[in-house]
Amino acid sequence: MSDGKDYYRVLGVSQNSSDADIKKAYRGLAKKHHPDANPNNTAAVERFKEVSEAYSVLSDKDKRKQYDMMRKLGAFTGKTGFGGRRGASSSINFEDLGFGSSGGMGGIGDLFSSIFGFGRKDEPVPAIEITVDVPFKVAALGGKVPLNVPVTEACPSCGGSGAAAGSRVEMCSECSGRGSISFGQGGFAVNRPCPQCRGKGKTAKKPCGKCNGGGEIRVDKRIMIAVPPGADVGQQVRLKGQGQRSGTGGRAGDVLVTFRVKPDRFLKRDGLDIVCKIPINLVQAVFGTKVKVRTVEGNRVVLKVPGGTQPGRKFRLKGMGISKNGKRGDQLVEMEVKIPVKLTKEQRKLMEQFAESAKLGY
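Residues numbered from 1 in each chain as written. Predicted model: local features only at pLDDT ≥ 70, side-chain atom pairs only at ≥ 80, totals over all residues. Heavy atoms only, no water.

Caption draft 1: Local environment of the sheet that holds strand β9 (residues 255-261). Read across the sheet, three strands follow the order β1-β9-β8 without closing on themselves; strand pairing throughout is mixed. Lying at the two open borders of the sheet, with one neighbouring strand each, are β1 (128-134) and β8 (236-239). Strand-to-strand, the axes of this sheet are offset by a mean angle of 30 degrees, without reference to chain direction. The pairing of β1 with β9 spans seven bridges and is parallel. Its bridge partner lying in β9, Ile128 is registered against Val255. (Pairing = 2+ DSSP bridges. Helix = DSSP H or I, 4+ residues; strand = E, 2+ residues; numbered from the N terminus. Axes fitted to C-alpha atoms, helices over the stretch in contact; angles between N-to-C directions.)

Caption draft 2: View of the sheet that holds strand β17 (residues 331-338). Here we have four strands laid out as an open sheet, ordered β10-β11-β17-β14, and mixed in their pairing. Looking at strand neighbours, the two that pair on one side only are β10 (268-270) and β14 (314-317), the edges of this open sheet. Put simply, the sheet's adjacent strands are angled 35 degrees from each other on average, direction ignored. Two strands pair when backbone bridges link them, and strand β11 (residues 273-281) and β17 are joined in this way by eight bridges, in the parallel orientation. The residue of β17 that forms the bridge with Cys276 is Val333.

Caption draft 3: Highlighting helix α8 (residues 345-357). Helix length check: α8 (13 residues) gives 18 Å between terminal C-alpha atoms against 18 Å at 1.5 Å per residue, within 8%. Where α8 terminates, the next one or two residues include Lys359, which has phi positive at roughly 55 degrees. (Expected span 1.5 Å × (residues − 1).)

Caption draft 4: Structural detail: the packing of aromatic side chains. If you walk through the whole model with that rule in mind, you get three aromatic pairs. On the basis of an interplanar angle of 45 degrees and a centroid distance of 6.0 Å, the ring pair of Tyr8 and Tyr67 is categorised as tilted. Note that Tyr8 is positioned in helix α1 (residues 7-11) and Tyr67 in helix α4 (residues 61-72), a separation of 59 residues in sequence. Taking relative accessible area as the criterion, Tyr8 reaches 1% and is therefore assigned buried. Pairwise contacts between aromatic rings join Tyr7, Tyr8 and Tyr67 into one cluster. (Phe/Tyr/Trp six-rings, centres within 6.5 Å; stacked < 30°, edge-to-face > 60°. Buried < 20%, exposed > 50% of the residue type's maximum accessible area, 1.4 Å probe, protein only.)

Caption draft 5: Looking closely at the environment of Leu29. In this fold, Leu29 is placed in helix α2 (residues 19-33). For Leu29, a relative accessible area of 17% gives the class buried. In sequence terms Leu29 and Gly12 are 17 residues apart; their C-alpha atoms lie 9.3 Å from each other.

Caption draft 6: Quick peek at the environment of Lys144. By secondary structure assignment, the location of Lys144 is in strand β2 (residues 143-154). The exposure class assigned to Lys144 is exposed, which follows from its relative accessible area of 59%. Linking Lys144 and Met224, residues 80 residues apart in sequence, is a C-alpha distance of 6.1 Å. Those residues within four positions of Lys144 in sequence are excluded, and the remaining contacts are Val138, Met224, Ile225 and Ala226. (Contact = heavy atoms within 4.5 Å.)

Caption draft 7: Molecular detail of a nonpolar patch on the surface. Residues Leu343, Met351, Phe354 and Leu360 make up a contiguous nonpolar surface patch of about 390 Å² in total accessible area. Along the chain, the position of Leu360 falls in the segment after α8. Owing to a relative accessible area of 46%, Leu360 belongs among the partly exposed residues under this scheme. (Patch = residues over 30% accessible without salt bridge, like charges linked within 9 Å, V, L, I, M, F, W, Y side chains within 5 Å. Areas by Shrake-Rupley, 256 points an atom, 1.4 Å probe, with all protein chains shown as cover. Salt bridge = Lys/Arg side-chain N within 4 Å of Asp/Glu carboxyl O.)

Caption draft 8: Just α4, in detail. Helix length check: α4 (12 residues) gives 17 Å between terminal C-alpha atoms against 16 Å at 1.5 Å per residue, within 8%. Among the residues of α4, Lys63, Arg64, Tyr67, Asp68 and Met70 are the ones counted as buried. Buried residues of α4 fall within an arc of 165 degrees about the axis and therefore sit on the same side. For α4, the exposed residues lying more than 90 degrees away from the buried face are Lys61, Asp62, Lys65 and Lys72. (Arc of directions from axis to C-beta.)

None of this, on its own, says anything about what the molecule does.
Rendered as structure tokens:
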């Protein structure tokens, strides 16, 4: 986090905002500034990282509580001496606040680290949220679907150095090669990755043309997702360690996948049951018939329809629905009786004779 930055302002929310409001704000900003929507726009990439960083803190109950405490103490405004204001010193007794001694860091340093992950290479980046379309049959029976996960990887042209071919890599002037800069004053400080060299401690004399000196490029990592049987719309799965890797060498974050089930033109779902409609004509409804019905597994079964079948009557195919958690649904087949829209004179006369003989009023 840059000096003086307020995570609430980054997301455009207030300190009293609910978790739902914070999540909504994050999703809107992440979608707007996502690298895939802004190719070759380094400003958008940095903004996306900034938004993700803010959300990773404010979406975590414990981290948000700690962050609010530090914010209240003026840690990000320069009021207590560790927001970057030169010559300022803290007048707050951190031992009274339960943070331990401020001189030599102790609890206060641990607090900063626990919130922001400064100097912690095991700190993962926020989970990438992706929605994937799942075919109706795969959602019902289970299977696998492909997914492209946008991540940054070392540039193949420069090997991650950020330098053009033949160009020298020099010590970073901002951090003097340390890869980190000091954050805070007044008797204590916390290190954070250098924004100029991104923690590498070195910068290229002539930047690589492929990655613009960043040492990384955006790629789509293709993976196969296992869809459990009976998966429904909005169901989520978390793919551990399949997301973005931390720029400081930490472990990769997760991918949170939300299923969006594609509709089938014939089959519908009702819980564990599969429902469908079969059209039959008036004669078939009166005298009875046989129809072929497609099941969710792709097979076709023959259903005997008895004479005198009424419109909307449903027939149950036992055990041909969705299987989930040891239970299995059925397939319900509804009859749609198609009534003739127009009749010839001869057909009308025959229908009238039938109506009179059956004593049907019309």
